[in-house]
Amino acid sequence: MIPVRIAPSILSADFAQLGAEIEAVDAAGADFIHIDVMDGHFVPNLTIGPVVVRALRPHSRKTFDCHLMIAPADPYIEAFADAGADIISVHPEAGPHVHRTLQLIRSLGKSPGIVLNPATPIEAIDYVLDLVDLVLIMSVNPGFGGQSFIDSQLRKIEAAAERISRSGRQIALEVDGGITPETARRAISAGANVLVAGTAVFNGGRGNYAANIAALRG
Ligand code: DX5
Ligand code: ZN
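### Quick notes on the packing of aromatic side chains
Consideration 1: A complete count under the given rule lists 1 aromatic pair for this structure.
Consideration 2: On the numbers, 5.1 Å between centres and 75° between planes, the contact of Phe202 with Tyr209 is edge-to-face. Tyr209 carries the same exposure label as Phe202, and that label is buried.
Consideration 3: Sitting above the plane of the Phe64 ring, Arg57 keeps its charged end 3.7 Å from the centroid.

Right under this line is the structure:
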């Protein structure tokens, strides 16, 4: 079994001190740094772009897990790759040719990920599983931190875990949204091995990050 990895979402960090916040979660035991990129069009919120990713890169050597909630995504993939992203994940709804987008990410030497919204059927991964290093199941509708975990996504995590195991490839199974120590436990039982958490990690300030992260590992 793959050990559970924790990916703090910097959406819940103090944006006035992002570099220091990343250093703090890195020191507190984060495995990945989850960076939520939103365009105010694919999702109803605006966050950060490649310029900020580049500025943050010197602050941690941990995997930069860039979750693109932008449409179209293709024109920006190279900029995120150059800025220092390690994993670049895209939603199939973000463009007509997600297979090509995933190939593009791989061709730039980065790890491609596919992300499924709560209403997107699991079958959306079937013909791209050979191209990806990560499957991300959204357990909230993307756009904001602090939402409640959608229980129906546990079945989708199970279905994804089954497909990944049948593929015989090493593919991380990540879950994003509404993760607390309690939902973490259920997501892990369903087969998730990377947990994104914003609120649950950044809650209470820097003195709490290590305990918050440890609580999610179960
Ligand atoms: C939502 C983002 C998440 C979000 C998670 O669109 O993809 O990464 O920040 O936040 P919490 O853990 O607060 O639900
Ligand atoms: Zn995310």
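Still to come is the rest of the account.
### Considering the layout of surface pockets
Consideration 1: Of the pockets and cavities examined, the largest pocket occupies roughly 300 Å³.
Consideration 2: Surrounding the largest pocket, 27 residues form its lining, Gly145, Gly146, Gly177, Gly178 and Gly198 being those nearest its centre.
Consideration 3: Elements supplying a minimum of two residues to the lining of the largest pocket: strand 2 (32-38), strand 3 (63-69), strand 8 (194-197) and helix 7 (199-202).
Consideration 4: Of the residues contributing to the lining of the largest pocket, the split by class is 12 nonpolar, 13 polar and 2 charged.

### So, the side chain of Lys110
Consideration 1: As for its position among the elements, Lys110 is in the loop between helix 4 (98-107) and strand 5 (111-116).
Consideration 2: Separated by 3.1 Å, the side chain of Lys110 and the backbone oxygen of Ala85 make a polar contact.
Consideration 3: Those residues in contact with Lys110, other than ones at most four positions away along the chain, are Ala81, Ala85, Asp86, Ile88 and Ile105.

### Observations concerning the site of ligand 1
Consideration 1: Around ligand 1, a shell composed of 20 residues is seen, among which Asp36, Gly143, Asp176, Gly198 and Thr199 lie nearest.
Consideration 2: In this structure, Asp176 approaches ligand 1 through a side-chain N or O atom, which is 2.7 Å from an oxygen atom.
Consideration 3: At 2.5 Å from an oxygen atom of ligand 1 is found a side-chain nitrogen or oxygen belonging to Thr199.
Consideration 4: Coverage of ligand 1 by the protein chains reaches 99% of its 380 Å² of free accessible surface.
Consideration 5: Of the pockets mapped on this structure, ligand 1 occupies the largest pocket.
Consideration 6: Elements supplying a minimum of two residues to the shell around ligand 1: strand 2, strand 3 and strand 8.
Consideration 7: Per-element accounting of the shell around ligand 1 gives the leading share, 3 residues, to strand 2.
Consideration 8: Counted by class, the shell around ligand 1 contains 8 nonpolar, 10 polar and 2 charged residues.

Each value, and the rule that gives it
- Residues numbered from 1 in each chain as written.
- Chains lettered and ligands numbered in written order.
- Predicted model: local features only at pLDDT ≥ 70, side-chain atom pairs only at ≥ 80, totals over all residues.
- Heavy atoms only, no water.
- Phe/Tyr/Trp six-rings, centres within 6.5 Å; stacked < 30°, edge-to-face > 60°.
- Buried < 20%, exposed > 50% of the residue type's maximum accessible area, 1.4 Å probe, protein only.
- Lys NZ or Arg CZ within 6 Å of the ring centre and 35° of its normal.
- 1 Å grid on protein atoms, 1.4 Å probe; cavity = no way out; pocket = protein on both sides within 12 Å on 5 of 7 lines; lining within 4 Å.
- Points joined across faces, edges and corners; volume = space filled by probe spheres on them.
- Helix = DSSP H or I, 4+ residues; strand = E, 2+ residues; numbered from the N terminus.
- Nonpolar A, V, L, I, M, F, W, Y, C, P; charged D, E, K, R; others polar.
- Polar contact = N/O pair within 3.5 Å; in protein donor to acceptor, adjacent residues only side chain to side chain.
- Contact = heavy atoms within 4.5 Å.
- Near = heavy atom within 4 Å.
- Areas by Shrake-Rupley, 256 points an atom, 1.4 Å probe, with all protein chains shown as cover.
- Sits in = over half its atoms within 2 Å of the grid points.

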